[in-house]
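# Commentary on secondary and tertiary structure
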Amino acid sequence: MTVKEIIVEALHDPQNWTGEGEVNWSFVDSDLWLHPDAANFEDQELFDGLNNFPDSEIPMTELIDGVHTPVNARVTHPLP
């Protein structure tokens, strides 16, 4: 996976969004650095990938049961 693909995957996780429909970038950042494929990249590449991620790539959200959820949402790190 590329850095961008890892970030996109994290952005589709409903746990990485606030109740107001905003991206929780701290959670996305954590998912990026903890992703198994992140080991294939230098630290600077991960840093730059997140800081330069285009707003146009952030998924739209929809209101489901009163919760803003990314369209095509999927949990990337389900709880056991």
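Residues numbered from 1 in each chain as written. Predicted model: local features only at pLDDT ≥ 70, side-chain atom pairs only at ≥ 80, totals over all residues. Heavy atoms only, no water.

## Observations regarding the overall build of the chain
Along the backbone of the chain there are 3 helices and 2 strands. Burial statistics for the chain: of 80 residues in total, 29% are counted as buried. (Helix = DSSP H or I, 4+ residues; strand = E, 2+ residues; numbered from the N terminus. Buried < 20%, exposed > 50% of the residue type's maximum accessible area, 1.4 Å probe, protein only.)

## A look at the packing of helix α2 (residues 25-34) against helix α3 (residues 43-51)
Where α2 contacts α3, the axes come no closer than 11 Å and their chain directions differ by 150 degrees. Classified by the angle between their axes, α2 and α3 sit roughly antiparallel to one another. Relative to α3, α2 is oriented so that their crossing is right-handed. Between α2 and α3, the contacting residues are Trp25, Val28, Asp29, Leu32 and Trp33 on the first element and Asp43, Leu46, Phe47 and Leu50 on the second. Residues that form the contact of α2 with α3 fall into these classes: 7 nonpolar, no polar and 2 charged. (Axes fitted to C-alpha atoms, helices over the stretch in contact; angles between N-to-C directions. Parallel < 35°, antiparallel > 145°, perpendicular 65-115°, else oblique. Left-handed = near helix turned anticlockwise from the far one by under 90°. Contact = heavy atoms within 4.5 Å. Nonpolar A, V, L, I, M, F, W, Y, C, P; charged D, E, K, R; others polar.)

## A closer look at the side chain of Asn16
Secondary-structure assignment places Asn16 in the loop between α1 (3-11) and α2. Beyond its immediate chain neighbours, meaning those up to four positions away, Asn16 contacts Ala10, Glu22, Val23, Asn24, Phe27, Val28 and Asp31.

## Focus on a negative patch on the surface
Residues Glu42, Asp43, Glu45 and Asp48 make up a contiguous surface patch of negative charge. Note on Asp48: relative accessible area 32%, which makes it partly exposed. (Patch = residues over 30% accessible without salt bridge, like charges linked within 9 Å, V, L, I, M, F, W, Y side chains within 5 Å. Areas by Shrake-Rupley, 256 points an atom, 1.4 Å probe, with all protein chains shown as cover. Salt bridge = Lys/Arg side-chain N within 4 Å of Asp/Glu carboxyl O. Lys, Arg positive; Asp, Glu negative; His and termini not counted. Charge placed at Lys NZ, Arg CZ, Asp CG, Glu CD.)

None of the figures reported here should be taken as evidence of function without further support.
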